[in-house]
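# Observations on the three-dimensional arrangement
Given next are the chains, with one letter for each unit.
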Amino acid sequence: MTDNVRHPASVELLINGITVHAEPQMTIVEAAWAGSVPRVTGVGCLEGVCGSCRILVKKGKEVNVALACETFVEAGMEALFLPAPGTDRHQYELTELADGWDIQARFHEIFPEASRCRHCNGCVQSCPKGIVVEDGVALAAAGRFREAGEAFFECVMCELCDNACPENIAPAHVGLFSRRITAFFHLRPPNLIHKLEEIRKEQAAKKDLP
Amino acid sequence: MKRGLSLQAALAAYRPDTELAPLPELNDPDTLLNEHHPDHLRGSMTKLTIGPNAGADCQRELADLLQAEAFIDEADLAGAQVTDTDVLVIGGGGAGCAAALAAAESGARVLLATKLRLGDSNTVMAEGGIQAAIEPDDSAQQHMQDTLRAGHHAGDPALVAAMVGDGPEVIRWLIHQGMQFDQTASGDLRTRRAGGMTAPRIVHCRDYTGLEMMRVLREAVKQHRGIEVWDQSPVVELLSNERGQKCVGAVLASLSDGSMRIVRTRSVILATGGLGRLHLNGFPTSNHIGATGDGLVLAYRMGAHLCDLDSFQYHPTGLVHPPHLSGKLVTEGVRAAGALLLNGQGQRFVDELQPRDIVCAAIIRECREGRGIHTDNGGVGVWLDTPRLECSQPGMLEQQFPKLLARTHHVGIDPRREPILVYPTLHYQNGGIVIDVNGTTSVPGLYAAGEVAGGIHGRNRIMGNALLDIIGFGRRAGRAAALAEHDRGPKKITLEHVNRARRALTLAGLPLTQRAPQILPAYTAVGKDIWKP
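Residues numbered from 1 in each chain as written. Chains lettered and ligands numbered in written order. Predicted model: local features only at pLDDT ≥ 70, side-chain atom pairs only at ≥ 80, totals over all residues.

For the rest of this paragraph, the subject is the overall build of chain B. A count of helical and extended segments in chain B gives 16 helices and 23 strands. For chain B, the C-alpha radius of gyration of 23 Å lies close to 24 Å, the compact-globule estimate for 533 residues. If you line up chain B on its principal axes, its C-alpha atoms span 75 × 55 × 40 Å. Burial statistics for chain B: of 533 residues in total, 59% are counted as buried. (Helix = DSSP H or I, 4+ residues; strand = E, 2+ residues; numbered from the N terminus. Rg over C-alpha atoms; globule rule 2.2 N^0.38 Å. Buried ≥ 20, exposed ≤ 12 C-beta atoms within 10 Å, placed from the backbone.)

Below, the structure is given as structure tokens:
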């Protein structure tokens, strides 16, 4: 192995306003730690599924958001770790949605902003998982919850789309709502139900024994 | 370690249609484990000298933390804000959320405190699935036998019986919370058979089972009016009564402003997870950044009995390459779906669906004996033959393992064309705090659930039992903690147990210099700075 491979030229970038020298194959998280950037605790799984390491990235004139554990360093890049998302404003408990027939009405009560999408594409551009967020929200607003939920399948709840939305739709929560009610109302697997019924009968028989 | 092939040479020699020699027979699994499993590395074990497990075997790096000084003493508590609640849940992963929801459903006021963000946990990274005996040719008894056998009969049969019995109801409860699972065309839950199982029993949500579970539980907890959540609030110490014999609360630090807060409660549930980020024996880990074993340290200082502190799971298929994903997992589901393991000579060396400890030891043997594949930056591993799987079942990787493809895609690796280089990675703490079927520990007022608790998986866990364990025992602990009797009379909160532990350390002549819990890990990929040779 040559010295050149072992010590590749370092890359200079800014993380949280601090100049950091990193190896080219590092992610922003690794560069932040290697460069001793203080107070970087918004990091979780390091494999792009927990959605915690939210950053604002500036490359040249282009500004976007991303996940730091999946973003590789580039010379001249600026990265800023974002605080965790706040509590969602949209409150609901599944058990209070007892009737599947009025679910579209209830959805619009809980997420009144969802039908006000102005198709600015901000949520789509901000999604680190390549989800076509706007289409997913439109499906949910049309009451097509199963398809909407499927559109959000790879959503890691980083809620970067929420930051991007001028109408405060909270798209990630719209997607999760769609997925949850699909399971809550429609997932009724016969093999599981049959097993639960067997167990219930067994327990009932045990109780009947003297 | 003998040097095998280089990655480039192995890739050049690889063909997905090479004829394979028959699998050599595994005659003596115990010798294989003794010679090659990391639990048996020389110098890896020591004996504890203080505390309830004094005299027991314990992994060396963990022993240092269990026998360390606390961070705080009485002076730190002066002026700290005090909050009262019925049940304090420590930990925001799957077990903590299940416990909080169950306690709230039982009518308790619940405070859930978590070190990082709610849901930042190993749960969110779980891929393969969750076990539940739901198929017609399967039974709870069979599930129990598989669990005990794979754990080398070291598990507590009462705990295992409770867990497997909960299986179908746990799945129903998860669906009720809004979690989706893969279905067959007729609407049945799709099941897989993985290592050490006698029937297909793993239900899953493609290879994102943990993510699907965690985002649903996180939302359920946040939306629940009976649960308050404190993010960025690691626990630095538990609180005891004036005799140091009952847990009556905890001290929480704030990562955002550094302040200390006291929580007074009638029950504390520890759901702090595992310790992969301690990088035991220098191994990379599949674990979340918060997995530093804090719960074990706090429980031990409080006087709780622990078990199997010398037994850890190294998952056979951790990624070796690319370096930033070192130690990250390739789900066992890929092997369950039919992928083979091949050494540097392109040959099979172990039945891929043996329990994880056997497969792990076999991979380490191949690499030590010069049949591994070496990368330029010092990594070594064997092939997980995904292209052969793709050839036999085209499209299957894309349909069932989107996470695997997504993670490797953005670094330019396509597992459908190139095999994946894998090596064992520190994955799971088999032992932990001793509990009964209600999550009760040997300390009154203190409960434990999830990976921090022990006794269920014996000395080796099989796939899909972790997610079942955390939900099943999380709910059991939550219910028991909520229904625990109120203490009458004045509530005194002290650090008497800390003083007792300090006396024991001094008497044993142990240094008081190391402090624990660790809370935040060494921020590097394998415990040392991997970027410097």
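Scanning chain A for helices and strands turns up nine helices and five strands. Scaling as 2.2 N^0.38, a compact globule of 210 residues should have a C-alpha radius of gyration of about 17 Å, whereas chain A reaches 23 Å, well beyond that. Dimensions along the principal axes, computed over C-alpha positions, put chain A at roughly 80 × 50 × 30 Å. Counting every position in chain A, which comprises 210 residues, the buried fraction comes to 43%. Across chain A, the fraction of contacts at a sequence separation of at least 24, relative to all contacts at a separation of at least 6, is 54%. (Contact = placed C-beta atoms within 7 Å.)

Before going further, it helps to spend a moment on the nonpolar core. Soluble globular proteins tend to pack their nonpolar side chains together in the buried interior. Grouped together as the largest cluster of nonpolar side chains are 222 residues, with contacts concentrated most on B:Ala99, B:Ala100, B:Ile269, B:Leu270, B:Ile433 and B:Ala449. Looking at which element gives the most residues to this core, the answer is helix 15 (residues 465–483) of chain B, with ten residues. (Core = buried A, V, L, I, M, F, W, Y, C linked by C-beta atoms within 7 Å.)

With that out of the way, let us pick up the interface of chain B and chain A. Size of an interface, as often reported, equals the accessible area lost when the parts are brought together. Across the boundary between the two partners, chain B contributes 47 residues, which contact 45 residues of chain A. Within the side of chain B that touches chain A, the residues separate by chemical class into 21 nonpolar, 13 polar and 13 charged. (Nonpolar A, V, L, I, M, F, W, Y, C, P; charged D, E, K, R; others polar.)

Residue and element names in this part refer to chain B. Pairing within the open sheet is antiparallel, and its three strands lie in the order 7-9-8. Strand pairing shows two members of the sheet lacking a second neighbour, strand 7 (130–131) and strand 8 (191–192), which therefore form its edges. Bridge analysis of strand 8 against strand 9 (residues 202–203) gives two bridges, and the strand direction is antiparallel. In the sheet register, Arg-192 faces strand 9, and the bridge partner there is Ile-202. (Pairing = 2+ DSSP bridges.)

Residues and elements named next belong to chain A. Read from one edge of the open sheet, five strands run 2-1-5-3-4, paired in mixed fashion. The open sheet terminates on both sides in strands that have one partner only, identified here as strand 2 (18–22) and strand 4 (62–67). Between one strand and the next, the sheet's axes are offset by a mean angle of 30 degrees, whatever the strand orientation. (Axes fitted to C-alpha atoms, helices over the stretch in contact; angles between N-to-C directions.)

On to the pairing of strand 20 (residues 420–429) of chain B. Residues and elements named next belong to chain B. Counting buried positions along strand 20 yields ten of ten residues, so the element is predominantly enclosed. Judged from the three bridges that link them, strand 19 (residues 380–385) and strand 20 form a sheet pairing that is antiparallel. Paired with Val-382 across the bridge in strand 20 is Val-422.

Before going further, it helps to examine the environment of B:Asp469. Residues and elements named next belong to chain B. By secondary structure assignment, the location of Asp-469 is in helix 15. By the C-beta count within 10 Å, which is 27 here, Asp-469 ends up buried. On a C-alpha basis, the gap between Asp-469 and Ala-449 in space is 8.1 Å, while along the polypeptide they are 20 residues apart. Beyond its immediate chain neighbours, meaning those up to four positions away, Asp-469 contacts Met-163, Gly-450 and Ile-456.

On to the environment of A:Ile110. Residue and element names in this part refer to chain A. Relative to the helices and strands, Ile-110 resides in helix 3 (residues 103–110). Along the chain, Ile-110 and Glu-78 lie 32 residues apart, while their C-alpha atoms are 38 Å from each other. Excluding residues within four positions of it along the chain, Ile-110 makes contact with His-90 and Tyr-92.

A few words on the pairing of strand 16 (residues 312–319) of chain B. Residues and elements named next belong to chain B. Within strand 16, eight of the eight residues are buried, leaving the element largely enclosed by the surrounding structure. Direction of pairing for strand 16 relative to strand 20: antiparallel, over a ladder of six bridges. Residue pairing for strand 20: Phe-312 is matched across the bridge by Gln-429.

Cis geometry is adopted by the peptide bond preceding B:Pro322, which originates at B:His321 and carries an omega value of 0 degrees. Positionally, B:Pro322 belongs in the loop between strand 16 and helix 10 (333–336). Across the junction of B:Ala516 and B:Pro517, the peptide omega takes the value 5 degrees, indicating a cis bond. Note that B:Pro517 resides in the segment after helix 16 (496–507). A positive phi angle, near 50 degrees, is found at A:Asn16, a position not held by glycine.

This part covers the confidence of the model for chain B. Of the residues in chain B, 97% reach a pLDDT of 70 or more, and the chain-wide mean stands at 93. Scored below 50 in pLDDT, residues 525–533 of chain B shows 17 contacts in the model against residues more than four places distant or in partner chains. (pLDDT = per-residue confidence, 0-100.)

Residue and element names in this part refer to chain B. Structurally, Ala-220 is set in helix 8 (residues 209–223). It is 8.4 Å that separates the C-alpha atoms of Ala-220 and Cys-97, two residues lying 123 residues apart in sequence. Setting aside residues up to four positions removed in sequence, Ala-220 forms contacts with Leu-101 and Gln-177.

All right, on to helix 9 (residues 190–208) of chain A then. Counted at 1.5 Å a residue, the expected span for helix 9 of chain A with its 19 residues is 27 Å, and the 27 Å between its end C-alpha atoms agrees. Close packing links the buried residues of helix 9 of chain A with helix 7 (157–177) of chain B. (Expected span 1.5 Å × (residues − 1).)

Moving on, we get to the packing of helix 6 (residues 140–150) of chain B against helix 7 of chain B. Residues and elements named next belong to chain B. Viewed as axis vectors pointing N to C, helix 6 and helix 7 meet at an angle of 135 degrees, and their least axial separation amounts to 9 Å. The orientation of helix 6 with respect to helix 7, classified from their angle, is oblique. Relative to helix 7, helix 6 is oriented so that their crossing is right-handed. Note on element contacts: helix 7 touches helix 6 through Pro-157, Val-160, Ala-161, Val-164, Gly-165 and Gly-167, opposite Ala-140, His-143, Met-144, Thr-147 and Leu-148. (Parallel < 35°, antiparallel > 145°, perpendicular 65-115°, else oblique. Left-handed = near helix turned anticlockwise from the far one by under 90°.)

Moving on, we get to the confidence of the model for chain A. Averaged over chain A, the pLDDT score is 92; the fraction of residues at 70 or greater is 95%. Contacts of residues 1–7 of chain A to residues separated by more than four positions or lying in other chains number four contacts, the stretch itself having pLDDT below 50.

All names here are of chain A. Between helix 5 (residues 133–141) and helix 8 (residues 171–186), whose axes approach to 10 Å, the crossing angle comes to 50 degrees. Here helix 5 is positioned oblique relative to helix 8, judged by the angle of their axes. Helix 5 and helix 8 meet at a crossing whose hand is left-handed. In this structure, helix 5 contributes Val-133, Gly-136, Val-137 and Ala-140 to the contact, and helix 8 contributes Pro-171, Val-174, Gly-175 and Ser-178.

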